[in-house]
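Residues per chain, in single letters:
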Amino acid sequence: MNDVVNPDTYENLAISERENGLYVVTLNRPTKRNALDVATIEELIRFFSGARTAGVRAVVLAGEGDHFCAGLDLVEHWKADRSPDDFMHVCLRWHEAFNKMEYGGVPIIAALKGAVVGGGLELASAAHIRVIDPGTYFALPEGQRGIFTGGGATIRVSDMIGKYRMIDMILTGRVYQGQEAVELGLAQYITEDGGSMAKAMELAEQIAQNLPLTNFAICSAISHLNNMSGMDAAYAEAVVGGVVNTQPAARERLEAFANKTAARVRPNS
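Residues numbered from 1 in each chain as written. Predicted model: local features only at pLDDT ≥ 70, side-chain atom pairs only at ≥ 80, totals over all residues. Heavy atoms only, no water.

## Some points on the pattern of salt bridges
Just so we agree on the cut-off: Salt bridges are defined as contacts in which a side-chain nitrogen from Lys or Arg sits within 4 Å of a carboxyl oxygen from Asp or Glu. Any residue under 20% of the maximum accessible area for its type is buried, any over 50% is exposed, and the rest in between are partly exposed; the area is computed with a 1.4 Å probe on protein chains only.
According to the stated counting rule, one finds eight salt bridges in the structure shown. Salt-bridge contacts for aspartate 37 lead to arginine 29; the nearest nitrogen and oxygen are separated by 3.5 Å. Judged by its relative accessible area of 16%, arginine 29 is buried.

Structure follows, in structure tokens:
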């Protein structure tokens, strides 16, 4: 088994393989509310750096226990008494992990519950789809802790909810949950029965049926295109479309559409 997807090579992540290239990656530090220490970040980098080439077609990202992730392991940070240079490089490793997730081309569906706080929200924001249950809550308490975000909140969270809402969250410690969190853009789905994991698995199973190159473009190119000027993005989108829309594996699906045997898009019942 490839070490990238071998569960025995991880300590802080629990890796579980399902059918059709679907993997469940679970933060496995429940006594710490799955707080992110240096070792966990390194494991995230290793898994998501090699996931696509290892044949992973979709990932459900979850947390063991009652909470998804309570953010930076503040106890580790306090005990380390890091210099500015040391902590800058810790932050850069967080960015490495989350960039591998967002731009890596493997669809990531986050099954959120309990606390999605601080760095936990930064981690969740690097996923492509977020599912919550009614008890999931989001916060950026850095202002009250005397610290600042270092894992991409100023980039991804502000992109999801707007700059000034994010500033308000950090300054005041404001908490969002439930339907308000969905309407704000912190998540795309909320489950009524409390089962965010079941919904995330349903979505991941559906997404894993897409062609891998198509999923790669969706989960990589769109983020890159959004970082470009309008003219550059239009050109790059045409190039990506030229490659993806002519892939040989798509011809069978296009033929099914032409022959009216493919499923049609219907309105919600």
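## Remarks on helix H1 (residues 38-50)
For clarity, the cut-off: Strands are runs of DSSP state E lasting at least two residues, helices are runs of H or I lasting at least four, and both sets are numbered from the N terminus onward. By this rule, a helix spans an expected 1.5 Å times one less than how many residues it contains.
Its 13 residues place the ends of H1 19 Å apart at the C-alpha level, agreeing with the 18 Å of an ideal helix rising 1.5 Å per residue. For H1, every residue scored as buried is listed here: Thr40, Ile41, Glu43, Leu44, Ile45, Phe47, Phe48 and Gly50.

## Notes on the pairing of strand E1 (residues 13-17)
Rule in force here: At least two bridges found by DSSP between two strands is the condition for calling them paired.
In terms of strand pairing, E1 meets strand E2 (residues 22-27) through five bridges, oriented antiparallel. The residue of E2 that forms the bridge with glutamate 17 is tyrosine 23.

## Things to note about helix H11 (residues 230-244)
Every α-helix winds through 3.6 residues per turn, so residues three or four apart in the chain are directed the same way. Our working definition: To obtain the arc, one takes the directions from the helix axis to the C-beta atoms.
Under the 1.5 Å per step criterion, the end-to-end length of H11 is 21 Å for 15 residues, consistent within 8% with the ideal 21 Å. Three or more residues of H11 are buried, namely Ala233, Ala236 and Val244. One face of H11 carries all of its buried residues, which in axial projection span an arc of 70°. Those residues of H11 that are exposed and angled more than 90 degrees off the buried face are Met231, Tyr235 and Ala238.

## Focus: the sheet that holds strand E7 (residues 137-139)
Within a sheet, adjacent strands bond to each other through the backbone by hydrogen bonds, running parallel or antiparallel. As summarised here, the arrangement of the three strands in space is E5-E7-E8, forming an open sheet in which the pairing is mixed. The outermost strands of the open sheet, each flanked by one partner alone, are strand E5 (115-117) and strand E8 (176-177).

## Some details on the sheet that holds strand E6 (residues 129-132)
Rules: Two residues qualify as a contact provided that any one of their heavy atoms is within 4.5 Å of a heavy atom in the partner residue. Under this scheme, a helix contributes an axis fitted over its contacting stretch, all axes are lines through C-alpha atoms, and angles between N-to-C directions fall in the 0 to 180 degree range.
If you walk across this open sheet you meet the six strands as E1-E2-E3-E4-E6-E9, and the pairing is mixed. Because the sheet does not close on itself, it has two edges, and the strands there are E1 and strand E9 (189-190). Strand direction decides the pairing type here: strand E4 (residues 108-111) and E6, joined by three bridges, are parallel. Of the residues in E6, the one forming a bridge with isoleucine 109 is isoleucine 129. Strands E1, E2, strand E3 (58-63) and E4 of the sheet are contacted by H1, whose axis makes an angle of about 25° with E1.

## With respect to the packing of helix H6 (residues 153-161) against helix H7 (residues 163-172)
Put simply, the rule reads: For classification, angles of less than 35 degrees are called roughly parallel, those exceeding 145 degrees roughly antiparallel, those between 65 and 115 degrees roughly perpendicular, and all remaining angles oblique. Handedness of a crossing is defined here by the sense of rotation of the near helix relative to the far one, left-handed for an anticlockwise turn of less than a right angle and right-handed for a clockwise turn.
Interaxial distance between H6 and H7 falls to 7 Å at its minimum, and their mutual angle equals 120°. Classified by the angle their axes make, H6 and H7 are oblique. Of the two elements, H6 crosses H7, and the hand of that crossing is right-handed. Touching Ala153, Thr154, Val157, Ser158 and Ile161 of H6 are Lys163, Arg165, Met166 and Met169, all from H7.

## Quick word on a nonpolar patch on the surface
Inclusion rule: Patches here: salt-bridge-free residues with over 30% relative accessible area, like charges joined within 9 Å, nonpolar side chains (Val, Leu, Ile, Met, Phe, Trp, Tyr) joined within 5 Å. Only the protein chains shown count as covering a residue, and every accessible area follows the Shrake-Rupley method with a 1.4 Å probe.
Judged by side-chain polarity, Leu213, Phe216, Tyr235, Val239 and Val243 come together as a nonpolar surface patch covering roughly 470 Å² of accessible area. Among the secondary structure elements, those contributing two or more residues to the nonpolar patch are helix H10 (212-226) and H11. No other element matches H11, which puts three residues into the nonpolar patch. Position of tyrosine 235 among the secondary structure elements: in helix H11. For tyrosine 235, a relative accessible area of 64% gives the class exposed.

## Quick word on the layout of surface pockets
Any empty space left between the atoms is revealed when a probe the size of a water molecule rolls over them. Short version of the rule: Lining residues are defined by having an atom within 4 Å of a point belonging to a cavity or pocket. Those points lie on a 1 Å grid over the protein atoms alone, cavities being sets where a 1.4 Å probe fits but cannot get out and pockets being open sets with protein on both sides within 12 Å along at least five of seven lines. Grid points are joined across faces, edges and corners, and a volume is the space filled by probe spheres set on the points. Here the nonpolar group is Ala, Val, Leu, Ile, Met, Phe, Trp, Tyr, Cys and Pro; Asp, Glu, Lys and Arg are the charged ones; every other residue, Gly included, is treated as polar.
Quantified by volume, the largest pocket comes out at close to 530 Å³. Lining the largest pocket are 21 residues, with Glu102, Ser125, Arg156, Asp159 and Ser223 sitting closest to its centre. The residue inventory of the lining of the largest pocket, partitioned by class, reads eight nonpolar, nine polar and four charged. Space inside the second largest pocket adds up to approximately 450 Å³. Taken together, the elements giving at least two residues each to the lining of the second largest pocket come down to helix H2 (74-80), helix H3 (84-103), helix H4 (119-125), E7 and helix H5 (142-145). Broken down by element, the lining of the second largest pocket gets its largest block of residues, four residues, from H3. For the lining of the second largest pocket, the class distribution of residues is 16 nonpolar, seven polar and six charged.

Nothing here speaks to function; it is all geometry.
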